[in-house]
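# Summary of the model geometry
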Amino acid sequence: MAVVRKILAWISVPVLCLLALVLYLARPFNPDNNRLLGWIVARVGRCLVGMKRPLYGAENMPQDRPTVIIANHQQNDDLFLMGDLLPPRTVAVGKSSLVWVPFFGQVFWLGGNIILNRGRSRKAVAVMEATSEAINQQRKSIWVFPEGTRSRGRGLGSFKKGAFHTAIAAGAPITMVCAGEYHGKTRGWSGCREPVPMRILPPVETQGLTSADVPELIARCHQQMSEAIAGLARTPGTA
């Protein structure tokens, strides 16, 4: 049953993206398209796989000012966990290969999301720094997985610098979204997933910081997220 649930959940993604193409074509590059689609995909996906997601600290997500959001990246199923957490006018950062995923890639591009080429790290950093203008002038928030790759539930990996350069250049706060470690385990005959708790930490202000402060900022955010993720593993009722 668990396999059937997972197949149905992932079939729903391109189907919902295909339906959403009408909206994306009607108002291309409007970042609020991403918020609406993310909400629908996450809610439908969690329903189909039978996953509960206890959420703590939702009030810490800024709704009235741009922010750079960083989240730990474990599985492809993160889409179902986090898709409905986007604040207004949010664009995500993703690898260039996503553009070729049927229907998802097309709405990703039409959503004005930031597409990076991993093989050209210097250019990637430059693009991330340039998004500071989008944050300040277009009032967009940026969603980034700073590890750059999936950890598959094996702990928090090291962070790349791009998101932190962007936040400092824009003077925008960094908001940390932490998901408890999970491996897609199921419960009972129904195949429902084990709950995955999440916590949103209070924003870290970057006003007054410079590029010289990036290493310290990375270390501070990494430590806070590591501690939060470890704490989620001890959350009652989610083991």
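See the structure shown above.
Thresholds applied
- Each chain carries its own residue numbering, running from 1 in the written order of its sequence.
- The predicted origin of the model limits local features to residues at a pLDDT of at least 70 and limits the giving and counting of side-chain atom pairs to 80 or more, whereas totals for whole chains, interfaces and linings rest on all residues.
- Computation of side-chain values: all heavy atoms of the structure, hydrogens and water removed.
- Note on geometry: axes are C-alpha line fits, over the in-contact stretch for helices, and angles between N-to-C directions span 0 to 180 degrees.
- Runs of H or I in DSSP of at least four residues are treated as helices and runs of E of at least two as strands, each being numbered from the N terminus.
- Throughout, the term roughly parallel applies to angles under 35 degrees, roughly antiparallel to angles over 145, roughly perpendicular to angles from 65 to 115, and oblique to all others.
- In a left-handed crossing the near helix is turned counterclockwise from the far helix by less than a right angle, and in a right-handed crossing that turn is clockwise.
- In what follows, residue pairs with any heavy atoms lying within 4.5 Å of each other are defined as contacts.
- By the convention adopted, Pro, Cys, Tyr, Trp, Phe, Met, Ile, Leu, Val and Ala count as nonpolar, Lys, Arg, Asp and Glu as charged, and the other residues, Gly among them, as polar.
- Note on exposure labels: buried denotes an accessible area under 20% of the residue type's maximum, exposed denotes more than 50%, and partly exposed covers the range between, all computed with a 1.4 Å probe on protein chains only.
- At least two DSSP bridges between two strands are needed for those strands to be called paired.

## A closer look at the packing of helix α1 (residues 2-26) against helix α2 (residues 32-49)
As a packed pair, α1 and α2 sit with axes 9 Å apart at the nearest point and diverge in direction by 160°. Put simply, α1 runs roughly antiparallel to α2. Regarding α1 and α2, the two cross each other, and that crossing is right-handed. In this structure, α1 contributes Arg 5, Lys 6, Leu 8, Ala 9, Ser 12, Val 13, Leu 16, Cys 17, Ala 20, Leu 23 and Tyr 24 to the contact, and α2 contributes Asn 33, Asn 34, Leu 36, Leu 37, Ile 40, Val 41, Val 44, Gly 45, Cys 47, Leu 48 and Val 49. For the contact of α1 with α2, the residue count by class is 16 nonpolar, four polar and two charged.

## Comments concerning the pairing of strand β5 (residues 141-144)
Side chains of β5 alternate between two faces, with Ser 141 and Trp 143 and Ile 142 and Val 144 buried alike. In the sheet, strand β3 (residues 90-95) pairs with β5 via three bridges, with the strands oriented parallel. Within β5, the residue paired with Thr 90 across the bridge is Ser 141.

The values are spatial; any link to function lies outside them.
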